[in-house]
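Structural overview
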Amino acid sequence: MDIKLFFLGLCALFCIFRPLSAQSTCKLKAKFNLGGYKDVEKKTVVVGGMFPVHQRVASNKGNTSSVPLSSGCVGFNFRTFRWAQTMLFAIKEINARDDLLPKTDLGYVIYDSCFTISKAVEGTLTYLTGQDEAVPNYRCGDGAPLAALVGAGGSDLSIATARILGLYHFPQVSYCSTCSALKSKFQFPTFLRTIPNDEHQSTAMAKMVLHFGWTWVGSIAADDDYGKYGIKDFKDQVEQAGVCISFSETLPKVHSPEAIQRIVQTVIDSTAKIIVVFSSDVDLSPLISELLRNNVTNRTWIASEAWITSALISRPPGVSSILAGTLGFGVKRADIPGLQHHLLNLDPYADLLTEEFWETLFNCTLDYSKAMRMAKQRATYVNGTLSRTVTGLPDGLCTGQESVAQLNNTYSDISQLRITYSVYKAVYAVANALHNLEHCEPGKGPFVGKTCADINNFEPWQLMYYVKNVRFKMPNTGEEIFFNDGDVDGFYDIINWQVNNNGEISYVTVGNYNGSAAPENRMTIMNDSIVWNNDMLEPPRSVCSENCQPGTRKGIRQGEPVCCFDCIPCADGEISNTTDARECILCTGDFWSNAAHDACVPKLIEFLAFGEPLGITLIAISAFGALVTIAVGVLFIMHIGTPLVKANDTLLSFSLLFSLVVTFLCSIVFLGEPQHWSCMTSQVALALGFALCLSSIIGKAAVLMLRAQVLKAARARAKAAAKAAKAAARAAAEAAANDGSPDVIVTNTLHNDTSAPPIPEVDRLTRAHQRAIAAVATLIQAIACTVWLIVLPPQPVKNTSGQNIKIILECDQGSVVFICCIFAYDILLALLAFIFAFIARKLEDYVSEAKCLTFSMLVFFIVWISFVPAYLSTRGKFMVAVQIFAILASSFGLLTCIFLPKCYILLIKPDRNKEELMKPRPKPKDGTSTGTSASLATTATEATIATTAIDD
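Residues numbered from 1 in each chain as written. Predicted model: local features only at pLDDT ≥ 70, side-chain atom pairs only at ≥ 80, totals over all residues. Heavy atoms only, no water.

1. Things to note about the overall build of the protein chain
- Within the protein chain, the secondary structure is distributed over 24 helices and 29 strands.
- Excluding contacts between residues fewer than 6 apart, the proportion of contacts in the protein chain whose partners are at least 24 apart in sequence is 72%.
- For the protein chain, the accessible surface area stands at approximately 46200 Å², while carbon and sulfur atoms represent 58% of it. (Helix = DSSP H or I, 4+ residues; strand = E, 2+ residues; numbered from the N terminus. Contact = heavy atoms within 4.5 Å. Areas by Shrake-Rupley, 256 points an atom, 1.4 Å probe, with all protein chains shown as cover.)

Shown next, in the form of structure tokens:
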């Protein structure tokens, strides 16, 4: 009995000291200053929620000399407050339903994260502890079990809370945390969301940029995981597609005017007209204000889902001037029946958060004493007394009866329920998971032994099973909700900011993006429905460099992005037939680039044609030359018996005329498209024609040269004889004077009648010799030409290297050695003819044939010496034209110099056509007259007689 009493006493002591032990274990280390809503009394299950109702925490002085206090929150956000009210409305609606958790009454604990990680962590720890005192790793409350956390707002906040909740396998369903980093089940095993993963949004943004052909864009991201991951995925995709990032800036989380001004200056300086922004509305708001102050217009902004429907960005006065035409992606929109009634019928005295909302919304206070103090401060003194007595209800006091509906406010605007609808879905996802857990059939459960969990006492990991496998349809919209590895399908509406008649921004849906559709069908955009910045109907262009048109290629600028380039025209012979070609294509074969360098066209075929003006002119000149030569021949035939024609071999004259006809006519063969026969004929006819011509001239000049040498020798002998006679006469005169003999008059006729000795009647070089010379010289050339035609004959070729844009049809001479030897031989003949004629140039007769031959050869050399540089400096058909001009000029020179004097005598001065005038005439010397050969002989005889008389 004593032992029983002893154990009974121990049990009593244990029961007494157990609470004290718990209190000492859950010792309060800090008091968190958390605002929100809480209703857990007599509830079956408690659902947690976290919303960034305020924009930031209030700054503190960082004093460490006193007990640290949790910072309060400032910057009330009506949009996120509506989200929190939507959760309350959804829980209230679920509790009223008979088909969803009919036996379960849901409670809630909702905290304000103040858009700050520290506050989100405070709320998470407090929620898990189960009481206002946060005790990590302990559940100190004994109330209803905790179901899941709906929240915690932005991606940074959810990442912080998910790491804590994941330790306890506690389900977290987010409504607006889109960061792609949260998809990792290794780091965040219990995180789920009813909003699409940002991987879908980054892909959608990249597709939009590519759809409109923008290659030069700027990017701005918030300095958090949401902004960094989202903009990184976007940049990776567009850069792979060839888009360049003009600038990449980061919005500060802590307000920094210097950083904001720097970003604005970057936007102003950049030539990019498209700017992609991954940021929340709270982080973006300071930048928009600075852009308005600097009046930065003519930019098109691409918005992420976090701010595309935010009134914080679209409602400030004047914002339409810089943000009109914005395009962005919004999550699914839906109408929620009954929500507006709930939003408009709040009790301002129900709790502190609603009270703050009311006071902020109506700019008044619900605290009477505070209102009195404010009224007294506003009262002014007049003549030392109060201007009026502060009695009754003071100004600035809220009545609590103000109408929310009368205000055009973000809170009451339910036209764009997107994130709000996501909150609604998140609450229903938790409720349906609890419903499935509650209605588990014993023996068919998903846990070990096919057991089920108890709705009144379950573990978080048990609910996690039902949450990740939940599948249900939303009321009213019928949308089916399910999680695929914690994510939902990536569906977005494409929203365009357009200015309505009131000058306000309106959100117009102009397309959609479905990440689960086939790649080619994912994005649908109604281009005609988009209104761009400055009310333009055409998409703006945003390129660092304009597209390189066909005919040019891209030239990379060193040190600049690949989108910044120069358009370099393709070189001659190269083309580009596409826009933004990186390389030009070389035209091959018989093709060449056109003037625009965008197509290869057949090269121009060039040769000196018969029908073109230059060809006709050359034919006319050639024919004229040939006819004149033939006319001279006919004239010679008509006077063939006359001394002038017979002089110096008639046959050589006719062979010379025939060769000139050949040279005149062979120039015509150079015209026209080169053929095998024309290539062989033209050069051979030219070589043989000049060979015959020059050899005939050699034959004529050789005779004249020999005559000149004989005459020169005879004159030398006559001169010597005259000197001797003169000396003898002087000696005789001196002797007679010395002897005293009678005067003997010596008549000296040497100065008055001295002539050259007679020229031999028969030339040492006969006509047969002349003809033999001409025949042999021509035959040598003929043999050389024959060998040339047999061994390496000329043939027509296409010359593609002379001129790039043309194919020059010309004759390939076959062998340079042969052609040089053949025409070198003609040059040798010309030199011999010139030398012979030059030596005989002083042989005087009335025709002066030696001088004519000399001048003709001088003309010949001048023409062909001038021909060489002219020929080498021309290309194509003009080379042929120069060669023909040289042939014609030299032929006309020979014809004119040799035959014009003779034709003049035959036609104009026929009286000179006499035998005695064809022989060399006397040449005056030293003031005396020169005579003929006969007079020279007579003078010599008289001088001999006079000398003999003196001797006698």
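2. With respect to unusual backbone geometry
- Of note, the amide linkage connecting Gly151 to Ala152 takes the cis form, showing an omega dihedral of 20°.
- Within the secondary structure layout, Ala152 lies in the loop between β6 (146-150) and α4 (155-167).
- Here the phi dihedral of Cys114 falls at roughly 55°; this positive angle occurs in a residue that is not glycine.
- Tracing the backbone through its elements, the reader meets Cys114 in the loop between β5 (106-112) and α3 (117-129).
- Under the relative-accessibility criterion, Cys114 is labelled buried at 1%. (Buried < 20%, exposed > 50% of the residue type's maximum accessible area, 1.4 Å probe, protein only.)

3. Quick look at the sheet that holds β6
- Across the sheet, which stays open at both edges, the six strands sit in the order β1-β5-β2-β6-β7-β8 with mixed pairing between neighbours. Each of the sheet's edge strands pairs with one partner strand only, and the pair in question is β1 (36-39) and β8 (191-193). Neighbour-to-neighbour, the strand axes of the sheet open up by a mean angle of 25°, direction not taken into account.
- Pairing between β1 and β5: four bridges, direction antiparallel. Opposite Asp39, over in β5, you have Tyr108 as the bridge partner.
- Together, β2 (45-51), β5, β6 and β7 (172-174) form the strand contacts of helix α14 (residues 419-438), whose direction differs from that of β6 by roughly 160°. (Pairing = 2+ DSSP bridges. Axes fitted to C-alpha atoms, helices over the stretch in contact; angles between N-to-C directions.)

4. A short note on the sheet that holds strand β28 (residues 795-799)
- As summarised here, the arrangement of the three strands in space is β27-β29-β28, forming an open sheet in which the pairing is mixed. A strand with exactly one partner marks an edge of an open sheet, and here the two such strands are β27 (604-606) and β28. If you compare each strand with its neighbour and ignore which way they point, the axes differ by 30° on average.
- Summarising the sheet, β28 and strand β29 (residues 806-812) pair through five bridges and their orientation is antiparallel. In the sheet register, Lys798 faces β29, and the bridge partner there is Leu809.

5. Digging into the environment of Gly230
- Relative to the assigned elements, Gly230 resides in helix α6 (residues 225-240).
- Expressed as a C-alpha distance, the spacing of Gly230 and His200, which sit 30 residues apart in the sequence, is 9.7 Å.

6. Things to note about the packing of aromatic side chains
- Across all of its chains, the model carries 35 aromatic pairs by this definition.
- On the basis of an interplanar angle of 85° and a centroid distance of 5.7 Å, the ring pair of Trp307 and Trp497 is categorised as edge-to-face. Taken together, the residues Trp307 in the loop between β12 (300-303) and α9 (311-314) and Trp497 in strand β18 (residues 491-499) connect sequence positions 190 residues apart.
- On the basis of relative accessible area, Trp497 is assigned to the buried category, the value being 0%. (Phe/Tyr/Trp six-rings, centres within 6.5 Å; stacked < 30°, edge-to-face > 60°.)

7. Considerations on the environment of Asn436
- The residue Asn436 is located in helix α14 in this model.
- Separated by 35 residues in sequence, Asn436 and Arg471 place their C-alpha atoms 10.0 Å apart.
- Ignoring sequence-local partners within four residues, the contact set of Asn436 consists of Tyr466 and Val470.

8. Some remarks on the UniProt feature "transmembrane region" (unreviewed entry) in the protein chain
- According to UniProt, the feature "transmembrane region" (unreviewed entry) maps to residues 614-638, 650-672, 684-706, 772-791, 816-840, 852-872 and 878-900 in the numbering used here.
- Here residues 852-872 runs as 100% helix and 0% strand, with 31 Å between its end C-alpha atoms. (UniProt positions renumbered as here; feature names shortened; annotations may be inferred.)

9. Some remarks on the pattern of salt bridges
- Taken as a whole, this structure holds 26 salt bridges when the rule is applied.
- Note that Lys877 and Glu612 form a salt bridge whose closest N and O atoms lie 2.9 Å from each other. Of this pair, Lys877 sits in helix α23 (residues 877-907) while Glu612 is found in the loop between β27 and α16 (613-638), placing the two residues 265 residues apart along the sequence. Accessibility assignment for this pair places Lys877 and Glu612 in one class, buried. (Salt bridge = Lys/Arg side-chain N within 4 Å of Asp/Glu carboxyl O.)

10. Topic: the pairing of β2
- Within β2, seven of the seven residues are buried, leaving the element largely enclosed by the surrounding structure.
- As paired strands, β2 and β6 are joined by three bridges and run parallel to one another. The partner of Val46 across the bridge, within β6, is Leu146.

11. Observations regarding the nonpolar core
- Membership of the largest hydrophobic core comes to 104 residues, with the highest contact counts inside it found for Phe234 and Leu434.
- At 13 residues, α14 tops the list of elements feeding residues into this core.
- Core analysis: the next-biggest nonpolar cluster, separate from the first, contains 57 residues, Val645, Ile887, Ile905 and Leu906 among them. (Core = buried A, V, L, I, M, F, W, Y, C linked by side-chain atoms within 4.5 Å.)

12. Details of a nonpolar patch on the surface
- A surface patch of nonpolar side chains, amounting to about 550 Å² of accessible area, comprises Leu779, Ile783, Val787, Ile790, Val791 and Leu792.
- The class of Ile790 is exposed, set by a relative accessible area of 66%. (Patch = residues over 30% accessible without salt bridge, like charges linked within 9 Å, V, L, I, M, F, W, Y side chains within 5 Å.)

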